[in-house]
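Observations on chain architecture
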Amino acid sequence: MQYSCPSLSFFFSVAMKTPALLFATALSASAAQGACPSDLEMAALAARYVAREALPLPAAGLSLDDAACGREKLVRFLGQAYGPLAGYKAALTNPAVQRRFGAASPVRGVLFASMFLPDGVEVPAAYGARPMVEADLVVEVADPALARARTPGEARRHLGRLFPFIELADLLVDDPGRLTAAGIVLVNAGARLGVLGAPLPLPSEEALAAMTVRLFDGSGREIEAAPGTAILGHPLAAALWLARDLAASGVALRKGDLLSLGAYSRLQSPVPGGGFAVVYDGLPGNPRVSVRFR
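Keep in mind it's a predicted model, so treat the numbers as computed, not measured.

By size, the foremost hydrophobic cluster in this structure holds 88 residues, and its most contacted members are Tyr49, Val139, Leu168, Leu259, Val291 and Phe293. It is helix α9 (residues 235–248) that provides the largest number of residues to this core, a total of eight residues.

On to the sheet that holds strand β12 (residues 288–293). With respect to topology, five strands assemble into an open sheet ordered β4-β12-β11-β8-β9, the strand pairing being mixed. For this open sheet the edge positions go to β4 (122–123) and β9 (222–227), each flanked by a neighbour on one side alone.

Tallied over the full model, the rule gives five aromatic pairs. Between Phe116 and Phe165, the aromatic rings sit 5.9 Å apart at their centres with planes inclined by 45 degrees, giving tilted as the arrangement. In this pair, Phe116 sits in strand β3 (residues 116–118) while Phe165 sits in strand β6 (residues 159–170), placing the two residues 49 residues apart along the sequence. We classify Phe116 as buried; its relative accessible area is 17%. Residue Phe165 is classed as buried on the basis of its relative accessible area of 2%. Here the aromatic rings of Phe276 and Phe293 are separated by 6.1 Å at their centres, their planes lie at 75 degrees, and the arrangement is edge-to-face. Linking Phe276 in strand β11 (residues 275–281) with Phe293 in strand β12, this pair joins segments that are 17 residues apart in sequence. The burial state of Phe276 is the same as that of Phe293; both residues are buried. What links up through ring pairs into an aromatic cluster is the set Tyr49, Tyr82 and Phe112.

Take the state of the cysteines next. Per the stated rule, a full pass over the model turns up one disulfide. Across a sulfur-sulfur distance of 2.0 Å, Cys36 and Cys69 are joined as a disulfide pair. On the sign convention where negative means left-handed, the S-S torsion of about -90 degrees between Cys36 and Cys69 marks this disulfide as left-handed. A residue pair is termed long-range when its members are at least 10 positions apart, and Cys36 in the loop between α2 (20–32) and α3 (39–50) and Cys69 in helix α4 (residues 64–82) qualify at 33 residues.

With respect to the helices, strands and loops of the structure, Leu208 is situated in helix α8 (residues 205–210). As for Leu208 and Gly282, which are separated by 74 residues in sequence, their C-alpha atoms are 8.3 Å apart. Excluding anything up to four places from it in sequence, Leu208 contacts Leu162, Leu202, Pro203, Gly228, His234, Pro235, Leu236 and Leu283.

A separate point is the environment of Gly197. Its location among the elements puts Gly197 in the loop between β7 (193–196) and α8. Judged by relative accessible area, which is 6%, Gly197 ranks as buried. The spatial distance from the C-alpha of Gly197 to the C-alpha of Phe165 is 6.0 Å, given a sequence separation of 32 residues. Dropping the residues within four chain positions of it, Gly197 is found in contact with Asp119, Phe163, Pro164 and Val289.

We now examine α9. Think of an α-helix as turning once every 3.6 residues; residues three or four places apart then point the same way. Between its terminal C-alpha atoms α9 stretches 21 Å, which fits the 20 Å expected from 14 residues at 1.5 Å a residue. Where burial is concerned, most of α9 is hidden: ten out of the 14 residues are buried. Taken together, the buried positions of α9 are occupied by Pro235, Leu236, Ala237, Ala238, Ala239, Leu240, Trp241, Leu242, Ala243 and Leu246. Once α9 finishes, Gly250 follows within two positions and takes phi at roughly 80 degrees, a positive value.

The rules we used
- Residues numbered from 1 in each chain as written.
- Predicted model: local features only at pLDDT ≥ 70, side-chain atom pairs only at ≥ 80, totals over all residues.
- Heavy atoms only, no water.
- Core = buried A, V, L, I, M, F, W, Y, C linked by side-chain atoms within 4.5 Å.
- Buried < 20%, exposed > 50% of the residue type's maximum accessible area, 1.4 Å probe, protein only.
- Helix = DSSP H or I, 4+ residues; strand = E, 2+ residues; numbered from the N terminus.
- Pairing = 2+ DSSP bridges.
- Phe/Tyr/Trp six-rings, centres within 6.5 Å; stacked < 30°, edge-to-face > 60°.
- Disulfide = S-S within 2.5 Å.
- Contact = heavy atoms within 4.5 Å.
- Expected span 1.5 Å × (residues − 1).

These results come straight from atomic positions and should not be treated as a statement about function.
This is how it looks when you write it as structure tokens:
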């Protein structure tokens, strides 16, 4: 049976009638039965997502397959609030982070066009239920045949521009420290907002591997730095993983899709009056992107 997504007004009405405890109990029951979360459960999650309300933790027994099934329902609801789909994000692209969340591979989420903000923007520090900031990088799909590439070098031939990117993620749940990989999948990998820098031609494979991604706070103090290889050994390996993972699920990339490649820094908490900047040291012109918080 084809899934039919109820209207935006419907899922907001559902949220108002679904207390958080009841929602958590329902998700726990789905996990215990090894089932995809129901339309009603995901409608309630979507409404709280849009309202920036913290969610109870999904049950520990939720499988990755059932979480992915729930995510597909969630993003259908979210599309009614956020508009056209613009691309995808890779999360858990660092082996140490994968071990922390019990994941054997990265996971993905969906990005909507209205989630992307311009360089230097000022946003509320409380832009989400559990807002967290990280240095990232975005590439643009030039050729949907990306999924057939075998190496980062081959992947580069199917990609267009590169964008400096600060992800404004949202871990969404009451206790993010107890999230599992399945929980991250279910909440769309914490996608909320992101700040896009000015686009530039895609640098060489060697330059991307050799760059250093530096994260600065609002006062200009460097917080940390990571090599270009911190994401799956090469940033374009993340683009390749996304393309293959989507293809395995029957999803075809489109020319112009934006791919968020993963974290180059630890998660940082935004504070009013603060901000962050990311510099890609070693790329042509040492490009940068920044965000401020009120």
